[in-house]
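Survey of secondary and tertiary structure
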Amino acid sequence: MKKNEVRAKLKRGEPSIGTWLNLPDPMATSLMARAGFDWLTVELEHSPTSYETATAQLAIIAGCGCAPFARVSFNTPENIKRILDFGAWGVIVPMVNTPEDARAAVAAARYGPIGARTIGGQLHAANFDTDAPTYYAKANEEILVVVMAEHVDAIERADEILSVPGIDVVFIGPNDLTNSMGLPPVFDTDHPRFVAALDHILKTARKHGVAPGIHVANGADAAKRRAQGFQFISVASEVGFMMAKASEIVDQLGIGQGRKATARY
Ligand code: 3PY
Ligand code: MG
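Residues numbered from 1 in each chain as written. Chains lettered and ligands numbered in written order. Predicted model: local features only at pLDDT ≥ 70, side-chain atom pairs only at ≥ 80, totals over all residues. Heavy atoms only, no water.

1. Considerations on the site of ligand 1
For clarity, the cut-off: Throughout this document, a residue counts as near a molecule or strand when at least one of its heavy atoms sits within 4 Å of that molecule or strand. Within 3.5 Å is the distance limit for a polar contact, defined as a pair of N or O atoms, with the added protein rule that one can donate a hydrogen and the other accept it, and that residues adjacent in sequence qualify only through two side-chain atoms. Using a 1.4 Å probe, accessible areas were evaluated by the Shrake-Rupley method; residue-level cover was limited to the displayed protein chains. Residues are called lining when one of their atoms sits within 4 Å of a cavity or pocket point, these points coming from a 1 Å grid over the protein atoms alone, where a cavity is a set in which a 1.4 Å probe fits but cannot get out and a pocket is an open set with protein on both sides within 12 Å along at least five of seven lines. Assignment of a molecule to a cavity or pocket requires that more than half of its atoms lie within 2 Å of the corresponding grid points.
All residues in the neighbourhood of ligand 1 are listed as R71, M148, E150, F171, G173, P174, N175, D176, H215 and Y265. Contact between ligand 1 and E150: an oxygen atom at 3.1 Å from a side-chain N or O atom of the residue. Relative to its unbound accessible area of 230 Å², ligand 1 is 100% covered by the protein chains. More than half of the atoms of ligand 1 fall within 2 Å of the grid points belonging to the largest cavity.

Next comes the structure, spelled out in structure tokens:
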């Protein structure tokens, strides 16, 4: 069975950097899987990606020696178990705001005795180049469980949330977090409440042996967060890269006034 090197790196205290896939497009996935990132997350929360397309994307990513993860649309057992059964090596669970939310996410993502994931499916084992019995025996050691801290309630209850066994990563969603603070949603700000929240997550994650993570807008910010001790860092997305480059060229040429769309991620 293949090893989830991202999880192994994080357990050793090392950083691991990836990006997000918002396009339901196997061709874009195939290119991004060869771009050099450690992992790619297939977006199911805010994208139009279907399970069928996501399944193809997860297979392509794993086949390219990159770790395939998925963000589910909401913290439910159906969402989590299905995408794991379709070959994701880890799940990113949005809006984990209470210890109960955290226990539910772990229960859905882990087999017994830690969790309550049900047995079935074919693609999970295939994506690890193994057979189903081996997968069932080893999945709890390979699947990455990422809970998102992206609401002021999650920051307040971080100590209780990260006490829940079975969590590998706490991943800050800066846009939803700043939004929950009544601020304009952004990837980064010097606002003292945001700075204090990040500091609290870093300290609390360290205390519980959970890897701290965050989504950032660009490479410079990824380097800054890595230097601060964040380990699981996502840089923008393939759409963000594409639109940033397009915007740069349009600006260089002085065209597009009044009809220019942008996308941060
Ligand atoms: C957020 O910033 O809210 C996110 O969910 C980033 O992944
Ligand atoms: Mg979010």
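2. Overview of the side chain of T204
The condition is simple: Starting at the N terminus, helices and strands are each numbered in turn, a helix being any DSSP run of H or I of at least four residues and a strand any DSSP run of E of at least two. Residue contacts are counted whenever heavy atoms from the two residues lie within 4.5 Å of one another.
Secondary-structure assignment places T204 in helix α11 (residues 192-208). For T204, the side chain forms a polar contact with the main-chain oxygen of H200, separated by 2.6 Å. Setting aside residues up to four positions removed in sequence, T204 forms contacts with A158, D159 and L162.

3. Observations regarding the pattern of salt bridges
As a reminder of what qualifies: Basic side-chain nitrogens of Lys or Arg form a salt bridge, by our definition, when they fall within 4 Å of a carboxyl oxygen of Asp or Glu. Burial status follows relative accessibility: with a 1.4 Å probe on protein chains alone, a residue under 20% of its type maximum counts as buried, one over 50% as exposed, and anything between as partly exposed.
One pass over the structure, following the stated rule, counts 18 salt bridges. Where R71 meets E43, a salt bridge forms, and the shortest distance between an N and an O atom there is 2.7 Å. Highlighted residues: R71 in strand β3 (residues 67-71) and E43 in strand β2 (residues 39-43), separated in sequence by 28 residues. Classification of E43 as buried rests on a relative accessible area of 1%. Across the pair D159 and K207 runs a salt bridge whose closest N-O atoms are separated by 2.9 Å. One end of the pair, D159, is in helix α9 (residues 158-161); the other, K207, is in helix α11, and 48 residues separate them in sequence. Three or more residues are tied together by salt bridges with common partners; here these are R7, K11, R110 and D168.

The quantities given are spatial measurements derived from coordinates; they are silent on function.
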